[in-house]
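Inside the fold
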Amino acid sequence: MVQVTRDQILALRDDTRLLGYYSDNEMGWWNAILFKMTLEQAPTSGQRRRLIELLRQTYRNDWSELVKDFEPAPGVDSWQELEQHGLLFLRPGTRGIHTMRRFLGLLAERYYSLVHDIIRKYDQRALILGDRYQSFYYPEVARACAPYVDAVSSNLNAHWNDGTFARFYLETLRALSCKPVLVGEFYMAADQNRSGNQNNRGIYPVTATQKERAAGFRNTLRALLGTPYVIGVDWFQYYDEPTHGRYDGENFNFGLVDIRDRPYEPLTTTAASVSLVALKSQQSPARSDASRGVPPAPRNPLGQFQPMLALKHWDRERGFVQPVSDFPLADLYVCWDKKAIYLGLYAQDVVEDVFYKDKIVRASERAQWIVSIGGSTRPIRASIGAGAEPIVNEPAVRVLNLSGVNGNFRNIAAMELPAKLFGKTRFRSGDRIEVMSTFLTHCQAYGVEWKGVFTLRGK
């Protein structure tokens, strides 16, 4: 690491255009993979020894307590054997995930302190800009970076194809790190393009036309300019990806220009016309939320339930429900029509099948969405996430869900609560409802809560 840093920094540090350094790019910080890779290291590995020490401390040197949370690989039946070799797998239904998250925080603190000291050895002036999170982050990692970076960096994959994104993503990243935020990438693609890009090797925002693409660009950029703690943003990228995909198959119309260097005029004209300094200097108005009144639902609130489109047509500004939890990893939205109340959830929920010896994510381990209605003694419980169909304990409630495992860390859901559950035959403007909601991520690793009394409003 010292040699790599030295070779790169000495060639750059005297360039007056240099702002700072990213220490890495899109590492992912996959918890289960890093836990497994650490145990696969030799017994002399300092990283492996630190993990064993953490396990001994957590379980008070009691092997019987450890194996309640973890299933050892065959041939590993004691602390002494684990110190020499072998893997541990998470047991379903236990609290072992919290031990794994503590190890992730320990690993992250070591990483950030190390790269800070190495960069500062060769450059005392330039900024340390973090490691560009891959459009998601673990709270333990974002919190660990705080003492060692000048800004925290992350890519921003717009959550809807109009360029908008969930509130929690940047707000929680800022709250965890207490640092300015630098957006390392944002992007939009269109099916209408001159490079022959199919835009189908990944889940990224894709519009139909270049005009819509330019509008999405403007929406994202204006939102970032209106966020005081965002200090910079990079567009990805200058030219389109190759017609048949780059080295990893990614094949998107991400360019300002096509593969023949011809500009996409709607996008370049929009980019050139944005007055960055003026917009950044404006004071942003306070954002609306559902405490001022629940907005009406769109005509088909559960329609187009697919990535980049689900919940897109909801009024997610006026329908935003403020969380009562610190560091939320999800947004909750609410709207209504005469027959039902609709709740929409957009959450970060990282699920890795490598946690388990058989690579099966059981229903009990999936994310839980719990909703209580004022006056009701039986909460509505929905098991969602991990790419499986939702399971709901109330037949009258309809739930839709989009989710996945491994690289798909979005958990998007909508819930239809019919009026009869509130003791009504129909809803009217001016009605008041009391709702409490809790979202627990995979293995209940993180939780978010919302609650309040809301008034239904007209247009």
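Positions within a chain are numbered from 1, following the residues in the order the chain's sequence is written. In view of the model being predicted, local features appear only for residues whose pLDDT reaches at least 70, and side-chain atom pairs are presented and counted only at 80 or more, with totals across whole chains, interfaces and linings using the full set of residues. Only hydrogens and water are set aside; all other atoms, that is, all heavy atoms of the structure, feed into the side-chain values.

Quick look at the layout of surface pockets now. By volume, the largest pocket is sized at about 770 Å³. Within this scheme a cavity is a closed region of a 1 Å grid, computed over the protein atoms alone, that accommodates a 1.4 Å probe without allowing it to escape, whereas a pocket is open but has protein on both sides within 12 Å along at least five of seven lines; lining residues each have an atom within 4 Å of a point. Lining the largest pocket are 26 residues, and of these Ala 223, Gly 226, Thr 227, Arg 287 and Glu 317 sit closest to its centre. Strands are runs of DSSP state E lasting at least 2 residues, helices are runs of H or I lasting at least 4, and numbering of each runs from the N terminus. At the level of elements, α8 (168–177), α9 (210–225) and β11 (330–337) are the ones that each hand at least two residues to the lining of the largest pocket. Here the residues of the lining of the largest pocket sort into 12 nonpolar, 7 polar and 7 charged. Grid points are joined across faces, edges and corners, and a volume is the space filled by probe spheres set on the points. What the second largest pocket holds in volume is close to 480 Å³. Surrounding the second largest pocket, 22 residues form its lining, Glu 26, Gln 134, Tyr 187, Tyr 204 and Glu 250 being those nearest its centre. Three categories are distinguished: nonpolar for Ala, Val, Leu, Ile, Met, Phe, Trp, Tyr, Cys and Pro, charged for Asp, Glu, Lys and Arg, and polar for the others, with Gly belonging to the last. Of the residues in the lining of the second largest pocket, the class split is 8 nonpolar, 7 polar and 7 charged.

What follows covers the sheet that holds strand β19 (residues 447–455). The rule for pairing is simple: two strands pair if DSSP sees at least two bridges between them. Across the sheet, which stays open at both edges, the 5 strands sit in the order β15-β14-β13-β18-β19 with antiparallel pairing between neighbours. Of all the strands in the sheet, the pair left with one neighbour each is β15 (391–392) and β19. Alignment of strand β14 (residues 380–384) against β15, held across 2 bridges, turns out to be antiparallel. Residue Ser 383 lies in a different strand from β15, and its bridge partner there is Ile 391.

Considering all chains together, one arrives at 4 cavities of 30 Å³ or more under this definition. Roughly 80 Å³ of internal volume is contained in the largest cavity. If you go around the largest cavity, the residues you meet are Ser 135, Phe 136, Asn 157, His 159, Phe 168, Tyr 169, Tyr 346, Ala 347, Gln 348, Phe 409 and Arg 410. Within the residue set of the lining of the largest cavity, elements represented by two or more residues are α8 and β12 (340–348). A total of 3 residues in the lining of the largest cavity trace back to one element, the largest contributor, which is β12.

A few words on helix α2 (residues 31–39). Along an α-helix, residues three or four apart share an orientation, since each turn contains 3.6 residues. Of the residues making up α2, those classed as buried are Asn 31, Ala 32, Leu 34, Phe 35, Thr 38 and Leu 39. Seen from one end, α2 has its buried residues packed into an arc of 165 degrees, which puts them on one side. Throughout, exposure labels follow a simple rule: accessible area from a 1.4 Å probe, protein chains only, divided by the maximum for the residue type, with under 20% read as buried, over 50% as exposed, and the rest as partly exposed. The arc in question is the one spanned by the directions pointing from the helix axis to the C-beta atoms.

The buried fraction of β14 is high, at 4 of 5 residues. By the bridge criterion, 5 bridges tie strand β13 (residues 367–373) to β14 in an arrangement that is antiparallel. Bridging across to β14, Val 371 finds its partner in Ile 380. Here β14 folds back onto β15, and the loop between the two strands holds 6 residues, one of which, Gly 385, carries a positive phi near 95 degrees.

Let us now look at the nonpolar core. If you look at the biggest cluster of nonpolar residues, it comprises 90 residues, and the most contacted ones within it are Trp 29, Tyr 112 and Tyr 133. Per-element tally for this core: the top contributor is helix α6 (residues 96–122), with 11 residues. Trp 29 has contacts with Leu 34, Leu 104, Leu 107, Ala 108, Tyr 111, Tyr 112, Asp 131, Tyr 133, Tyr 138 and Val 141, leaving out every residue within four places of it along the chain. Residues grouped as a nonpolar core are buried Ala, Val, Leu, Ile, Met, Phe, Trp, Tyr and Cys residues, joined through side-chain atoms within 4.5 Å. One finds Val 371, Ile 373, Ala 382 and Met 415 within the second-largest nonpolar core, a separate group that totals 33 residues. Residues count as neighbours in contact if any of their non-hydrogen atoms are within 4.5 Å of one another.

The next thing to look at is the pattern of salt bridges. One speaks of a salt bridge when a side-chain nitrogen belonging to Lys or Arg is within 4 Å of a carboxyl oxygen belonging to Asp or Glu. Under the defined criterion, the tally for this structure stands at 18 salt bridges. Of the charged contacts in the structure, one is a salt bridge between Arg 132 and Glu 185, with a shortest N-O distance of 2.8 Å. Of this pair, Arg 132 sits in the loop between β4 (127–128) and α7 (139–145) while Glu 185 sits in strand β6 (residues 181–186), and the two are 53 residues apart along the sequence. One exposure class covers both Arg 132 and Glu 185, and it is buried.

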